[in-house]
Amino acid sequence: MPTPPGSRASTKAPHRMAPMLANIRELSFWAENAASIGLVALVIVFSFLSPAFLTLGNIRAMLIAAAILVILAVAQAFVITTGGIDLSISATMTLGAVGFGLSWSAGRGFVISTVIGILTAALVGLVNGLLIARGKVTDFIATLATLSVATGLALILSDGKPIAVNSSQLLRLTTGSIGIFGYPIILAAVIGAVAWFVMFRTRFGLHVQAVGGNDESAIANGISAVRVRIATYLIAAGLAGVAALLLVARIGAAEPAINTQYLLNSIAAVVLGGVSLTGGKAKIVGPIVGALLLTALTNGLTLLGVSQFYQPLAVGIVVVLAALLTRFQKK
Amino acid sequence: MTTSPSLSPVSNPGADVLLTAENITKSFGGIHALKSASITMRRGEITALIGDNGAGKSTLVRCLSGIHKPDSGTITLDGEQVVFETPHHASQSGIETVHQNLALVEELAVWQNFFLGRELTRRLGLIRTLDRKAMKAHAAELLQDLAVNAPSVTSKVRRLSGGQRQAVAIARAAGRNSKIVIMDEPTAALGVQETARVEHVINTLRDSGVAVLLISHNFDQVMRLADHIWVMRAGVAVAGRRASATSGDELVALITGARAA
């Protein structure tokens, strides 16, 4: 009599444990791949709700629209991996756009203007890096200040007016494509691939992760945390300069407008990508997928005729959900 | 000052002395942390440095590892007088230190920590990339030679136990072509089993020919591991003893000053 229930219980035990274990495994799996799963879910939902969503034309448009955010997310991912944050990233992009526009309207060619745009943006990164790494100013404060400075400079330099840019090269950049992939998203993909390589296959990338993980230990092993931090902010700002080019190409003008949405979305994309804001945990693909997800979300809502006012709300909700999910990531 | 004349490098030049620190002094402001401290270390031996808090152990060790520059005194390594300006300098001369905080990055894998700051690279066209394969293989080899419970080199340090972390830090120090590995309280935060494992690592390291300088508060451990023991008191190395020729009681007496050297 006592034997059967006992043996039954022992055979039952793993049954009761199995789903629980699977559940835990599932949660961490969800957390690790929040961005990819979210993106797939969004695509499924939107393609049901709107027949236009999964058309080649819309996919192509979405990918082009995502390019700027992808680049900014990669830039932000580098900074966040060192445990910092770059709040000036979209203002830097704006200043880079104005730098490009001024150079263009001064009659310098496309190539020189591009270089000037990127260098203008990189200057902000240099200031960020020096303030944070050498000046020991908190990253939050330093980049908040340069956000304001770069925004102000962009307004002053452009006199607050958009600078029209009629460049055939820029036009080709926005309209050209290989298959459904427009040049902007190809550029973004190349940047993403290079960023992945730098982060995971070079000494510099390893040092970025080490400084973000534990800067004291990194320094004890002979790594210059100061140099790594400065370089990281420089890279981020330089990438913002590249994004500026796409921004000018998209609008057809260098606008000194404040692009706060890009700043918030770049951070949101990194968080969606499963990168911890405390630093040390590098991811490149995750933030890129995060950027694609946010773009798909905005695009889908627009297709469904949802008011633009609801889009920041939707982004906010998605980011909060992602942030909650990251709690279940494997340590 | 030394107890047995045979230990003095001067009177016995034939002994296999690897390092001699002579009359090292170091002051911080008005505090004389080291007042003419002299010790020797022999090749292939574990030398322990014991003493009460504030006796000058840490300061002496910091002078040897290049963190502090002595005010006076000489350090002779392998017959050559050396002056260390930085820890990097000491490391280049073959003196590695395993600090109490271990200087590991938890988010990185064991092999990444192993080569942090001195990564192996290979050329890929114009760029240099990490030679991941070589680094993993090299780290695995060194770890397996040293530790019984060697962790996988691809696992993150975050997932390792305290003893495994200590083993990684020690193996890393040993792997840098070091002649001397200095360990500051290597088992202070470990349980009994983990301590035994780390002690095994230290013994293996000694057997491989590396000289170990062990700072420890644990007399039992010092008696178990050390070949030679230096006792420090008030900034001076007051006594040197062969471990086989002393006892815990004598060491305590020397530390407190109840017994003169």
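Further up the page is the structure itself.
Reading guide: rules and limits
- Residues numbered from 1 in each chain as written.
- Chains lettered and ligands numbered in written order.
- Predicted model: local features only at pLDDT ≥ 70, side-chain atom pairs only at ≥ 80, totals over all residues.
- Heavy atoms only, no water.
- Helix = DSSP H or I, 4+ residues; strand = E, 2+ residues; numbered from the N terminus.
- Buried < 20%, exposed > 50% of the residue type's maximum accessible area, 1.4 Å probe, protein only.
- Contact = heavy atoms within 4.5 Å.
- Areas by Shrake-Rupley, 256 points an atom, 1.4 Å probe, with all protein chains shown as cover.
- Lys, Arg positive; Asp, Glu negative; His and termini not counted.
- Charge placed at Lys NZ, Arg CZ, Asp CG, Glu CD.
- Salt bridge = Lys/Arg side-chain N within 4 Å of Asp/Glu carboxyl O.
- Buried area = accessible area lost by both parts, 1.4 Å probe.
- Polar contact = N/O pair within 3.5 Å; in protein donor to acceptor, adjacent residues only side chain to side chain.
- Nonpolar A, V, L, I, M, F, W, Y, C, P; charged D, E, K, R; others polar.
- Expected span 1.5 Å × (residues − 1).
- Arc of directions from axis to C-beta.
- Patch = residues over 30% accessible without salt bridge, like charges linked within 9 Å, V, L, I, M, F, W, Y side chains within 5 Å.
- Phe/Tyr/Trp six-rings, centres within 6.5 Å; stacked < 30°, edge-to-face > 60°.

*Asks:* Can you help me understand the overall build of chain A in this one?
*Replies:* The helix and strand tally for chain A stands at 14 helices and four strands. Dimensions of chain A along its principal axes, counting C-alpha atoms only, are 95 × 60 × 35 Å. Taken across its 331 residues, chain A has 49% of its residues classed as buried. Sequence separation of 24 or more characterises 77% of the internal contacts of chain A that already satisfy a separation of 6 or more. With an accessible surface of roughly 15,400 Å², chain A has 71% of that area assigned to carbon and sulfur atoms. Positive and negative charge centroids in chain A, built from 20 and 8 side chains respectively, lie 10 Å apart.

*Asks:* Where do I start with the pattern of salt bridges in this structure?
*Replies:* Pairing is possible between side chains that carry opposite charge, provided their charged atoms lie close to one another. Residues and elements named next belong to chain B. Taken as a whole and judged by the stated rule, the model has 19 salt bridges over all chains. In this structure, Glu 194 engages Arg 197 in a salt bridge whose closest nitrogen and oxygen atoms are separated by 3.9 Å. Taken together, the residues Glu 194 and Arg 197, both in helix H6 (residues 192–207) and three residues apart, mark about one turn of the helix. A salt bridge links Glu 250 to Arg 241, with the nearest nitrogen and oxygen atoms 2.7 Å apart. Several salt bridges converge on common partners, so that one network encompasses Asp 16, Arg 43, Asp 78 and Lys 179.

*Asks:* Explain the interface of chain A and chain B here, please?
*Replies:* Where the parts come together, the accessible area they lose is often given as the size of the interface. Taken together, the contact between chain A and chain B spans 21 residues of the former and 23 residues of the latter. Together chain A and chain B conceal approximately 1,700 Å² of surface at their shared face, both sides included; 59% is due to carbon and sulfur atoms. For the pair chain A and chain B, the interface holds one salt bridge. Of the charged contacts in the structure, one is a salt bridge between A:Arg203 and B:Glu119, with a shortest N-O distance of 2.9 Å. On the surface where chain A and chain B come into contact, there are six residue pairs in polar contact (both at pLDDT 80 or more). Ranked by residue count, the leading element in the side of chain A that touches chain B is helix H9 (residues 203–213) of chain A, at six residues. Of the residues belonging to the side of chain A that touches chain B, the class tally is seven nonpolar, eight polar and six charged.

*Asks:* How should I be thinking about helix H4 (residues 132–146) of chain B in this particular structure?
*Replies:* An α-helix turns once per 3.6 residues; consequently, residues spaced three or four apart project the same way. Residues and elements named next belong to chain B. Here H4 is 15 residues long and its end C-alpha atoms lie 21 Å apart, about the 21 Å a rise of 1.5 Å per residue gives. The set of residues buried in H4 consists of Met 135, Ala 139, Leu 142, Leu 143 and Leu 146. The buried side chains of H4 occupy one side of the element, clustering within an arc of 95° when seen end-on. Exposed and oriented more than 90 degrees from the buried face of H4 are Lys 133, Gln 144 and Asp 145. Buried residues along H4 sit against helix H3 (110–114), strand S8 (127–130), helix H5 (162–174) and H6.

*Asks:* Teacher, can you tell me more about H5(B) here?
*Replies:* All names here are of chain B. Here H5 is 13 residues long and its end C-alpha atoms lie 18 Å apart, about the 18 Å a rise of 1.5 Å per residue gives. Across the 13 residues that make up H5, a large majority, 12, are buried. Residues of H5 that are buried: Gly 163, Gln 164, Arg 165, Gln 166, Ala 167, Val 168, Ala 169, Ile 170, Ala 171, Arg 172, Ala 173 and Ala 174. On its buried side, H5 packs onto strand S6 (95–98), H3, H4, strand S9 (180–184) and H6.

*Asks:* It is not clear to me how a nonpolar patch on the surface should be interpreted in this structure. Could you clarify?
*Replies:* Taken together, the side chains of A:Phe309, A:Tyr310, A:Leu313, A:Ile317, A:Val320, A:Leu321 and A:Leu324 make up a nonpolar region of the molecular surface, amounting to roughly 790 Å² of accessible area. Structurally, A:Leu321 can be placed in helix H14 (residues 310–326).

*Asks:* Sorry, what's going on with the packing of aromatic side chains here?
*Replies:* Residue and element names in this part refer to chain A. If you walk through the whole model with that rule in mind, you get four aromatic pairs over all chains. With a centroid separation of 5.3 Å and 40° between ring planes, the pair formed by Phe 46 and Phe 53 is classed as tilted. With respect to class, Phe 46 is no different from Phe 53; both count as buried. Ring centres 5.6 Å apart and planes at 50° place the aromatic pair Trp 196 and Phe 200 in the tilted group. One end of the pair is Trp 196 and the other is Phe 200, both in helix H8 (residues 183–201) and four residues apart, which spans about a single turn.

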